[in-house]
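Summary of structural features
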Amino acid sequence: MHLVIIGGGVIGITTAWACRQRGWDVTVIEANESLARGACYANGAQISVSHPHPWSNPQAPRIALESLFNPDAPFHWQPKWDCAEARWLARFLRECLPERHRRNTRAIAALSKFSLAVLRRWRSELALQYDAVTRGILHLFCDERAWQQGKAHAAELVELGIRAVLCTPDEAIAIEPALAPHRDRLFGAVHAPEDESGDAHAFTLALAERCAAAGVTIRTQTVATGWQFRADGRAYLRIREQAASSASERTLDADGYILCAGVGSRALAHPLLGDVPIHPVKGYSLTLPICEPERIPTVSLTDESHRIVASRLGNRWRIAGTAELAGMDDRPDPARLAPLYRWGRQWGGDAVDWSQVEAWAGLRPMTPSGVPLIGATRYPNVWINSGHGSLGWTLACGSAEAIAGVIAGEPPRIAFPFLV
Ligand SMILES: Cc1cc2nc3c(=O)[nH]c(=O)nc-3n(C[C@H](O)[C@H](O)[C@H](O)COP(=O)(O)OP(=O)(O)OC[C@H]3O[C@@H](n4cnc5c(N)ncnc54)[C@H](O)[C@@H]3O)c2cc1C
């Protein structure tokens, strides 16, 4: 069987590996000149099994309203005339209902745990190098309200089978001594020892090398433009090769196709599944060279009070956060970067080199429920693995194994709402 995978981000490349492992011929097509330049390029770097709660939660409508009057809020949007966004927001609000939120959390938790196990297996089998740190994530709480919520979340995590240990400020410092100068800022912490962090971009490139060595064809500068529907009841992909002398379109015949195009999935999925609710939610990051390694935490941090994460990537420090509805515009807006700069200066000070900061923005492919779309489409030869939102790096390896299992007709290994 020959499968074409659309999109060379972390989801596309992990999917290519899982499919190649089953003995199928695989071609990956990627619109950009190089792989992994989309949302996984400079993300928060966390393998965050301990954050299965989707952003659509019972508190989200209040947070969204408050954010309208606070330019520094971690969530930023301005009401505008955009039908796709309005439809997505309406569906997002529905997913905030407590019962839906609980159901979505359970699905994400199941996929995250499975994904971590697959990541660990691949890492040891393939000796992948991507600045992995396996010391867990410390969730930090800097105010009483966040700490009360954090304690409730930790109890829920334990119910979901995810290890989460409540820590006093001193216990948090014992886990991460670089936090000692910040003791007065801490109300409490939750340590999720199974969590990890690592550079998703480096991981994707390293795995792409293994894919190529195993016979996967990778074609960059090749854009999926749409579908041709034939009398055999199947859909065939239309592509445009940017590097070709004539930029004309043609059909790329294959036995099957898997849509893994991040925020590009919505348009391509429309003729296959109707209005697929994958919407771009912009996020920001700063990456800084480290001058004084002992002052910068190696344990990955989530500041729950400010909704900012920080991860150590070898001799670099990555700070990420912010959710902004700004359409398909992925250019960094200096106003949205300001809270990340402020946080970084507070927690990193001059232990990092601010003269060499790399500021970046990327578009999370977000569904209203936070649950990715994995499974079949209306066409028997096309599948989707997309819409991983804020957790695509965490969920990538498990989603790849899962979609390959769906295509192979294997019984599902996790309780997850696969598209059938
Ligand atoms: C600031 C920020 C912080 C984040 N932090 C974390 C984190 O700490 N942990 C975590 O788990 N997740 C995190 N995420 C989310 C994670 O990065 C994404 O969910 C993940 O990258 C999605 O992967 P993807 O492969 O679906 O999309 P992408 O990485 O965007 O890749 C999609 C690829 O498809 C290609 N493509 C699109 N359209 C076409 C087309 N028509 N033809 C051919 N190719 C096409 C694109 O060029 C791109 O290369 C973060 C995201 C952001 C923005």
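Predicted model, so just to flag it, every value in this text is computed and none were measured. Sequence order sets the numbering: in each chain, residues are counted from 1 along the sequence as written. Local features in this predicted model are restricted to residues of pLDDT 70 or higher, and side-chain atom pairs are both shown and tallied only at a pLDDT of 80 or more, whereas totals for entire chains, interfaces and linings draw on every residue. To obtain the side-chain values, all non-hydrogen atoms of the structure were used and water was disregarded.

Once that is clear, we can look at the overall build of the chain. Along the chain, the regular secondary structure elements total 10 helices and 20 strands. As defined in this context, the radius of gyration uses C-alpha atoms, and a globule is described by 2.2 Å times the residue total to the power 0.38. A globule of 420 residues ought to have a C-alpha radius of gyration of about 22 Å, and the chain, at 21 Å, matches this closely. If you line up the chain on its principal axes, its C-alpha atoms span 70 × 45 × 45 Å. Residue burial is assigned from relative accessible area. The probe radius is 1.4 Å, only protein chains are included, and a residue is buried under 20% of its type maximum, exposed over 50%, and partly exposed in between. Expressed as a percentage of the 420 residues in the chain, the buried residues total 55%. Roughly 17,200 Å² of accessible area belongs to the chain as shown, and the carbon and sulfur atoms make up 54% of that amount. Of the side-chain charges in the chain, 43 are positive and 43 negative, and the distance between the mean point of each set is 4 Å. Only DSSP runs of H or I covering at least 4 residues are called helices, and only runs of E covering at least 2 are called strands; the numbering of each starts at the N terminus. Using a 1.4 Å probe, the Shrake-Rupley method yields the accessible areas, and only the shown protein chains count as cover for residues. In this charge count, Lys and Arg are treated as positive and Asp and Glu as negative; neither His nor the chain ends contribute. Here the site of a charge means NZ on Lys, CZ on Arg, CG on Asp, or CD on Glu.

Another point: the site of the ligand. The full set close to the ligand counts 35 residues, and Glu 30, Gly 44, Gln 46, Gly 389 and Thr 394 are the nearest of them. Take Ala 39: an N or O atom from its main chain is 2.9 Å from an oxygen atom of the ligand. Its free accessible area being 1,000 Å², the ligand has 93% of it covered by the protein chains. Breaking the shell around the ligand down by element, the ones donating at least two residues are α1 (10–21), β10 (222–229), β14 (279–289), β18 (358–366) and α10 (392–408). With four residues, the top contributor of residues to the shell around the ligand is β18. Three classes are used: nonpolar for Ala, Val, Leu, Ile, Met, Phe, Trp, Tyr, Cys and Pro, charged for Asp, Glu, Lys and Arg, and polar for all others, with Gly counted as polar. Taken together, the residues of the shell around the ligand break down into 15 nonpolar, 18 polar and two charged. Near is defined per residue: the residue qualifies when any heavy atom it owns lies within 4 Å of the molecule or strand. Here a polar contact means two N or O atoms within 3.5 Å. Within protein one must be a hydrogen donor candidate and the other an acceptor candidate, and residues neighboring in sequence count only if both atoms are side-chain atoms.

Strands are labelled as partners when DSSP assigns at least two bridges between them. Overall, antiparallel pairing links the three strands, which are arranged β10-β11-β12 in an open sheet. Both edges of this open sheet fall to β10 and β12 (249–252), since each of them pairs with a single strand only. Mean inter-strand twist for the sheet, computed between neighbouring axes without regard to direction, equals 35 degrees. Only heavy atoms matter for contacts: two residues are in contact if any of them lie within 4.5 Å across the pair. Fitted lines through C-alpha atoms serve as axes, helices being fitted only where they are in contact, and the angles separating the N-to-C directions of these axes extend from 0 to 180 degrees. Sheet strands touched by helix α8 (residues 265–273): β10 and β11 (235–241). Its angle to β10, the strand with the most contacts, is close to 10 degrees.

A few words on the layout of surface pockets. Each cavity reported here is a set of points on a 1 Å grid over the protein atoms alone in which a 1.4 Å probe fits but cannot get out, each pocket an open set with protein on both sides within 12 Å along at least five of seven lines, and each lining residue one with an atom within 4 Å of a point. Grid points are joined across faces, edges and corners, and a volume is the space filled by probe spheres set on the points. In this structure, the second largest pocket occupies an estimated 280 Å³ of space. As for the second largest pocket, its lining consists of 17 residues, and the residues nearest its centre are Glu 95, Arg 103, Ser 369, Val 371 and Leu 373. Residue assignment for the lining of the second largest pocket shows that the elements contributing at least two residues are α3 (83–95), α4 (98–126) and β19 (373–376). Per-element tally for the lining of the second largest pocket: the top contributor is α4, with four residues.

Put simply, a disulfide is two cysteine sulfurs that come within 2.5 Å. Following the criterion strictly, the structure yields zero disulfides and no others. Not engaged in a disulfide, the cysteine Cys 19 finds its nearest cysteine sulfur in Cys 260; these two sulfurs lie 8.1 Å apart. Unpaired in terms of disulfides, Cys 40 finds its nearest cysteine sulfur in Cys 397, a separation of 12 Å. By relative accessible area, Cys 40 is classed as buried at 6%.

A sheet is described by the order of its strands in space; here six strands give the open sequence β9-β2-β1-β13-β20-β19, paired in mixed fashion. Edge positions in the sheet fall to β9 (217–219) and β19, since each of these pairs with one other strand and no more. For this sheet, the mean inter-axis angle between neighbouring strands, taken without regard to orientation, is 20 degrees. Sheet topology places strand β2 (residues 25–29) next to β9; three bridges connect them, and they run parallel. Bridge pairing links Thr 27 to Thr 217 in β9. Sheet strands in contact with α1 are β1 (2–6), β2, β13 (256–259) and β20 (382–386), and its direction is about 170 degrees off that of β2.

Here we come to the environment of Ala 310. Structurally, Ala 310 is set in strand β16 (residues 308–313). Owing to a relative accessible area of 1%, Ala 310 belongs among the buried residues under this scheme. Placed 24 residues apart in sequence, Ala 310 and Leu 286 show a C-alpha to C-alpha distance of 9.4 Å. Residues in contact with Ala 310, not counting those within four places in the same chain, are Ser 300, Leu 301, Trp 317, Arg 318, Ile 319 and Trp 343.

This paragraph deals with the nonpolar core. In this text, buried Ala, Val, Leu, Ile, Met, Phe, Trp, Tyr and Cys residues form a nonpolar core when linked through side-chain atoms within 4.5 Å. Counting 64 residues, the largest nonpolar core has Trp 122, Phe 203, Leu 207, Ile 258, Trp 393 and Phe 416 as the members making the most contacts within it. Every element with two or more residues in this core is listed here: β1, α1, β2, α4, α5 (144–159), α7 (200–213), β19 and α10. Of all the elements, α4 adds the most residues to this core, at 10 residues. Apart from residues no more than four positions distant in its own chain, Phe 416 is found in contact with Ala 107, Leu 111, Val 371, Pro 372 and Ile 374. If you look at the next biggest cluster of nonpolar residues, it comprises 27 residues, including Leu 186, Ala 189, Leu 301 and Trp 354.

Quick look at empty space enclosed by the protein now. Taken as a whole and assessed by the stated rule, the structure comprises one cavity of 30 Å³ or more. Taken as a whole, the largest cavity holds about 90 Å³ of empty space. In terms of lining residues, the largest cavity is bounded by 15 residues, among which Pro 54, Trp 55, Met 366, Gly 370 and Ser 390 are the most central. Residues belonging to the lining of the largest cavity are distributed by class as follows: seven nonpolar, eight polar and no charged.

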